[in-house]
Amino acid sequence: MRTISARSLALLLGAGPLPRPAYRGLADGIRRLVSDGRLLVGTRLPSERTLTTELGLSRTTVGAALDALRDEGFVTTRRGSGSVVCLPAGPSGLALSQAGLIPTDVPNDVIDLTYAALPAAAGVTAAYERALVELPRFLATAGYDPRGLPETRAAVAAWFEGRGLSTSPDQVVITSGAHGGLSAVLRAHLEVGDRVLVESPTYPNAIVGVRRSAYRAVPAQLTPTGWDVDGIEVGLRQSGASAAYLIPDHQNPTGLVMDTPTRHALAGVLARANAVPVVDETFVELGLDDAPSGRQPAPFAASSRQAHTLGSAGKTWWGGLRVGWVRVPAGGAESVIEARHSLDLGTAILEQLVVTDLLHQGETLLAERRREARARRDALVTALGRHVPDWRFSVPTGGLNLWCELPEARGDELARVAETAGVRLARGGQFGVQGGFARWVRVPFCVAPDEADQVGRRLATAWQLALGARPTTPEVTPLIA
Ligand SMILES: Cc1ncc(COP(=O)(O)O)c(C=O)c1O
């Protein structure tokens, strides 16, 4: 059975004194963690005694909080198992459906906020034009290469070198987006039924990708400030996970950036647990506040010899390119190449030529891209502050998302009614490995700055509608042991 240490629970509850009376503050805090999906159904809570010591509360206070949670249906006590997190009666065991993950047509008057992706960057059209000139020399070949074009692999390797990470082109496999890279790496290293540790919240398509490939997703709850290394170590030990999927740079959806000491510590923990780090750097080039290159801490792979790093042209230049890459450990390419070959045989030649061209152009285009994203972020931050001032979020230093905490756990209703108000939103629960996150909504800052105010207005209308809407049954995934 999954357990949580008193220390990890204290971290999740956050710093600062509990609202009074303390037993209510503790019960409310734990209930909120459960409904947000940060404390998972089926988790055994620490004993009253250890909670008492860790939280500095009296035994009576802790006991009263657990009693209240039991009465409300958020905790059950089983003989021999202690207090275990559960959800109040109601339909449960619903599988996380793919509803909302497969794009459908958006009516003209609706603003789609389900994508964290910008329109094509300036320079993409010109890169296509130059690539078309290059293309004829490939037309005499069969056009299949599961490794990727040598020039594209060399350009990606040089880009890693530029970030201080020694990389040979033989360590690079070009894939169909970072998503194709994720499938290839998991297929190369895992057997059906193996477990993959996944941050929660995380990128929904990664959760679905893991499950649809018949692996099991084991959640690693992010704390408000980031990664709980001790909790992850325990999670790895308890689950025996063979891989861990991490987004250390401008995490989707939280925007968090993993600091360098945490990268070192986590790399060590994963190495000891023999779990392959699968590190998604899709947003790494979208550091918006750091001068001059917008770069973040050293790549995770600088701390981890086993890391498999996923990269993508999708956010940096354009999602429609469908080009990504995997940087594998030295000598580790063959299994990934075989796996990707079994998935999709190779990546389109023309788009690889386009990405090679874009990589060669380097900083000039990237600086412009960051300026564009920064302007969109700042305009949306202003608009949300004006129209939904009680939504709380930290302004992220990069990426493309605002992860907003709502004043009430009505995120599911919000997503359901949003389209009536002219916006389409993803449910917070889609970002949780076990659903939850009913108090959260992800708002990507991908709309043009002059559209941001309109988005703020529509979100305010949607929120008013959500507050008056019939409650939605929480969507919960089956317990993953
Ligand atoms: C964290 C993360 N990884 C991967 C992807 C997909 O990347 P690609 O388009 O390169 O497959 C996305 C797209 O939103 C993402 O947010």
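Another point: the state of the cysteines. What the rule picks out here adds up to zero disulfides. Cysteine 446 carries a free sulfur, and the closest cysteine sulfur to it, the one in cysteine 404, is 13 Å from it. A relative accessible area of 13% means that cysteine 446 is categorised as buried.

Okay, the packing of helix α5 (residues 124–134) against helix α13 (residues 349–361) next. The relative placement of two packed helices is expressed as an angle between their axes plus a distance between the axes. Where α5 meets α13, the closest approach of the two axes is 8 Å, and the angle between their N-to-C directions is 120°. The orientation of α5 with respect to α13, classified from their angle, is oblique. The crossing of α5 and α13 is right-handed. Within the contact between the two elements, α5 uses Val124, Ala127, Tyr128, Arg130, Ala131, Leu132 and Glu134 and α13 uses Leu350, Glu351, Leu353, Val354, Asp357, Leu358 and Gln361. When the residues that make up the contact of α5 with α13 are grouped by side-chain class, the tally is nine nonpolar, one polar and four charged.

A few words on unusual backbone geometry. Following arginine 20, the chain continues to proline 21 via a peptide bond in cis, the omega torsion being -5°. Assignment of secondary structure puts proline 21 in the loop between α1 (6–13) and α2 (22–35). Cis geometry marks the peptide bond from serine 200 to proline 201; its omega dihedral reads 10°. Located in the positive-phi region is alanine 214, a residue other than glycine, with phi close to 70°.

Here the focus is the nonpolar core. Among the nonpolar cores identified, the biggest contains 53 residues, and Leu266, Phe300, Trp317 and Leu321 are the most heavily contacted of them. A total of seven residues in this core trace back to one element, the largest contributor, which is α13. Residues contacting leucine 266, with those up to four places away along its chain left out, are Trp227, Val229, Ile232, Leu246, Met258 and Phe300.

Surveying the vicinity of the ligand reveals 13 residues, the closest of which are Ala178, Asp280, Ser312, Lys315 and Arg322. Here a nitrogen atom of the ligand and a side-chain polar atom of aspartate 280 are 2.6 Å apart. The side chain of serine 312 places a nitrogen or oxygen atom 2.5 Å from an oxygen atom of the ligand. Look at the ligand: alone it shows 400 Å² of surface, and the protein chains cover 92% of it. Counted by class, the shell around the ligand contains five nonpolar, five polar and three charged residues.

Okay, the packing of aromatic side chains next. For the structure on display, the rule yields six aromatic pairs. A ring pair is formed by tryptophan 159 and tryptophan 325, whose centres lie 5.6 Å apart and whose planes are at 70°; its orientation type is edge-to-face. Here tryptophan 325 lies in strand β11 (residues 324–327) and tryptophan 159 lies in helix α7 (residues 150–162), a separation of 166 residues in the sequence. Taking relative accessible area as the criterion, tryptophan 325 reaches 2% and is therefore assigned buried. Aromatic ring contacts, followed pair by pair, group Trp403, Phe431, Phe437 and Trp440 into a single cluster.

Looking at the protein as a whole, its pLDDT mean stands at 90, while 93% of the residues score no less than 70. In this model residues 90–99 is a low-confidence stretch, pLDDT under 50, and it forms 25 contacts with partners more than four residues away in sequence or in other chains.

All buried positions along helix α10 (residues 229–239) are accounted for by Val229, Ile232, Gly235, Leu236 and Ser239. Projected onto a plane normal to the axis of α10, the buried residues spread over an arc of 115° and lie on a single side. Looking at the buried positions of α10, the neighbouring elements they touch are β5 (195–200), β6 (216–223), β7 (226–227) and α11 (260–272). In the segment just after α10, glycine 240 is the residue with positive phi, at about 65°.

Cut-off values and rules
Within every chain, residues take consecutive numbers counted from 1 along the sequence as written. pLDDT decides what is reported in this predicted model: residues at 70 or higher carry local features, side-chain atom pairs at 80 or more are listed and counted, and totals for whole chains, interfaces and linings draw on all residues regardless. Only heavy atoms go into the side-chain values, all of them from the structure, while hydrogens and water stay out. We call a pair of cysteine sulfur atoms a disulfide whenever their separation is within 2.5 Å. Burial status follows relative accessibility: with a 1.4 Å probe on protein chains alone, a residue under 20% of its type maximum counts as buried, one over 50% as exposed, and anything between as partly exposed. Simply put, an axis is a line fit to the C-alpha atoms, just over the touching stretch for a helix, and the angle between two N-to-C directions goes from 0 to 180 degrees. Segments assigned H or I by DSSP are reported as helices when at least four residues long, segments assigned E as strands when at least two residues long, and all are numbered from the N terminus. Each angle is binned into one of four classes, with values under 35 degrees roughly parallel, values over 145 roughly antiparallel, values of 65 to 115 roughly perpendicular, and all other values oblique. Note on convention: near helix rotated counterclockwise from far helix by under a right angle means a left-handed crossing. Clockwise means right-handed. Here, two residues are considered to be in contact whenever any of their heavy atoms come within 4.5 Å of each other. Residues are grouped as follows: Ala, Val, Leu, Ile, Met, Phe, Trp, Tyr, Cys and Pro are nonpolar; Asp, Glu, Lys and Arg are charged; every other residue, Gly included, is polar. Think of a nonpolar core as a cluster: buried Ala, Val, Leu, Ile, Met, Phe, Trp, Tyr and Cys residues, connected wherever their side-chain atoms sit within 4.5 Å. Being near a molecule or strand, for a residue, comes down to having at least one heavy atom within 4 Å of it. Here a polar contact is recorded for every N or O atom pair within 3.5 Å, except that within protein the pair must consist of a potential hydrogen donor and a potential acceptor, and residues adjacent in sequence are included only if both atoms are side-chain atoms. The accessible surface values rely on the Shrake-Rupley method and a 1.4 Å probe; as for residues, cover is taken only from the protein chains in view. Any pair of Phe, Tyr and Trp rings, taking the six-membered ring for Trp, is counted once the centres come within 6.5 Å. Such a pair is stacked with planes under 30 degrees apart, edge-to-face with planes over 60 apart, and tilted for the rest. The predictor attaches a confidence to each residue, and that confidence, scored 0 to 100, is pLDDT. Summarising the geometry, the arc corresponds to the directions from the helix axis toward the C-beta atoms.

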